[in-house]
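Structural characterization, general
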Amino acid sequence: MPLQLTFVTSAKRHVDLPDSPGEVAFVGRSNVGKSSLINALANRRQLAKVSNTPGRTQLINMFTLPSGATVVDLPGYGYAAVPGRERATWQAMIEGYLLEREPLVLVFVLVDGEIGPTKLDLQMLAWMQANAVPYQIVATKLDKVKPSKLAGRRQQLAGACHLEEDDVLWVSASKGSGIDRLQGHVNAMLSV
Ligand code: GDP
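A few points on the structure. Just so you know, these numbers come straight off a predicted model, no measurement behind them.

Examining the overall build of the protein chain
- Looking only at helices and strands, the protein chain features five helices and seven strands.
- The secondary structure elements of the protein chain, listed N-terminal to C-terminal, are β-β-α-β-β-α-β-α-β-α-β-α.
- Its C-alpha radius of gyration of 16 Å places the protein chain within 12% of the 16 Å reference for a compact globule of 192 residues.
- Referenced to the eigenvectors of the C-alpha coordinate spread, the extents of the protein chain come out at roughly 45 × 40 × 30 Å.
- By the burial criterion, 46% of the 192 residues in the protein chain qualify as buried.
- Summed over its atoms, the accessible surface of the protein chain is roughly 10000 Å², and 50% of this surface lies on carbon and sulfur atoms.
- With 20 positive and 17 negative side-chain charges, the protein chain shows a spacing of 10 Å between the two charge centroids.

What to know about the sheet that holds strand E2 (residues 23-28)
- As summarised here, the arrangement of the seven strands in space is E1-E3-E4-E2-E5-E6-E7, forming an open sheet in which the pairing is mixed. Here the strands that pair on one side only, and so sit at the sheet edges, are strand E1 (6-11) and strand E7 (169-170).
- Docked against the sheet, helix H1 (residues 34-42) engages E2, strand E4 (70-73), strand E5 (104-112) and strand E6 (135-140), running at close to 145° with respect to E2.

Details of the side chain of Asp 73
- If you trace the backbone, Asp 73 turns up in strand E4.
- Within the structure, the side chain of Asp 73 is placed 2.5 Å from the side chain of Lys 34, a separation counted as a polar contact.
- Those residues in contact with Asp 73, other than ones at most four positions away along the chain, are Phe 26, Lys 34, Ile 38, Ala 48, Leu 59, Ile 60, Asn 61 and Phe 63.

Points about the site of the ligand
- Lining the immediate surroundings of the ligand are 16 residues, of which Asn 31, Ser 35, Ser 36, Asp 143 and Ser 174 lie closest.
- Between the ligand and Ser 174, the relevant distance is 2.7 Å, taken from a nitrogen atom to a side-chain nitrogen or oxygen of the residue.
- Protein chains shield 77% of the accessible area of the ligand, which is 580 Å² for the free molecule.

Describing the nonpolar core
- Counting residues in hydrophobic clusters, the biggest one holds 33 residues, and the most contacted among them are Leu 74, Tyr 97, Leu 98, Val 107, Val 109 and Ile 137.
- If you list the elements that add at least two residues to this core, you get E2, strand E3 (60-64), helix H2 (84-100), E5, helix H3 (119-130), E6 and helix H4 (147-160).
- The element contributing the most residues to this core is H2, with five residues.
- In this structure, Tyr 97 is in contact with His 14, Leu 17, Glu 23, Ala 25, Ile 60, Val 72, Leu 74 and Leu 104, ignoring residues within four places of it in sequence.
- Counting residues in hydrophobic clusters, the runner-up holds 26 residues, among them Phe 26, Ala 42, Leu 110 and Leu 169.

Side note on the pairing of E4
- Residue alternation in E4 divides its side chains into two sets, Thr 70 and Val 72 and Val 71 and Asp 73, and both sets are buried.
- Here E3 runs beside E4; their pairing, made up of four bridges, is antiparallel. In the strand pairing of E4, Met 62 is matched with Val 72.

A closer look at the pattern of salt bridges
- In the structure shown here, the tally under the stated rule is eight salt bridges.
- Residue Lys 34 is joined to Asp 73 by a salt bridge in which the shortest nitrogen-to-oxygen separation is 2.5 Å. Here Asp 73 lies in strand E4 and Lys 34 lies in helix H1, a separation of 39 residues in the sequence.
- Exposure remark for Lys 34: the relative accessible area of 10% places this residue in the buried category.
- Asp 73 gets classed as buried once you look at its relative accessible area, which sits at 6%.
- Note that Arg 154 is salt-bridged to Asp 166, the shortest N-O span being 3.8 Å. One end of the pair, Arg 154, is in helix H4; the other, Asp 166, is in the loop between H4 and E7, with 12 residues separating them in the sequence.

Analysis parameters
- Residues numbered from 1 in each chain as written.
- Predicted model: local features only at pLDDT ≥ 70, side-chain atom pairs only at ≥ 80, totals over all residues.
- Heavy atoms only, no water.
- Helix = DSSP H or I, 4+ residues; strand = E, 2+ residues; numbered from the N terminus.
- Rg over C-alpha atoms; globule rule 2.2 N^0.38 Å.
- Buried < 20%, exposed > 50% of the residue type's maximum accessible area, 1.4 Å probe, protein only.
- Areas by Shrake-Rupley, 256 points an atom, 1.4 Å probe, with all protein chains shown as cover.
- Lys, Arg positive; Asp, Glu negative; His and termini not counted.
- Charge placed at Lys NZ, Arg CZ, Asp CG, Glu CD.
- Pairing = 2+ DSSP bridges.
- Contact = heavy atoms within 4.5 Å.
- Axes fitted to C-alpha atoms, helices over the stretch in contact; angles between N-to-C directions.
- Polar contact = N/O pair within 3.5 Å; in protein donor to acceptor, adjacent residues only side chain to side chain.
- Near = heavy atom within 4 Å.
- Core = buried A, V, L, I, M, F, W, Y, C linked by side-chain atoms within 4.5 Å.
- Salt bridge = Lys/Arg side-chain N within 4 Å of Asp/Glu carboxyl O.

Here it is, written out as structure tokens:
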């Protein structure tokens, strides 16, 4: 079942977000397919913007479900053209949110299934582990991995993230694969 997401607000700082009975967040480097995935989860075309200009200043976007629970789309990280100062702002924004946002129950960390985790993705995971932020890895763009390569790629990607193969959810926003399962996961985490 599609997630019935309604846009609530955008904010620069997590302290400006309204309270929530329970929240999950999506994070990943620019271009990983985060907007496409959120749109696929909601079965909407333009709920989250699919962007071909990654790296522009972005905000924390918040959506609500009919239950009142919320879903947050965090700005993408790691676009090379972003100047250092903007990167520092991003870092403060995201780290503040991840460490201090009380309703947060789980962070979905998106990793590109075609190319595997980047150095920045691994830094992000290590930081989350060190700070005890609960997360679930989602591998995107499943349709871009050749069927003959999939078994190896699943093993490789999970291993690089220090996980078992079954700990990673694989999705394709384009083809719809894995979307039902991820919708179920979001709902289960937010059963408030
Ligand atoms: P974001 O920057 O993380 O929000 O990524 P976008 O959702 O804007 O997607 C970045 C690019 O990847 C776009 O060109 C999308 O069309 C493409 N993309 C996203 N998801 C998929 C997918 O599941 N399969 C394929 N083949 N391409 C995808």
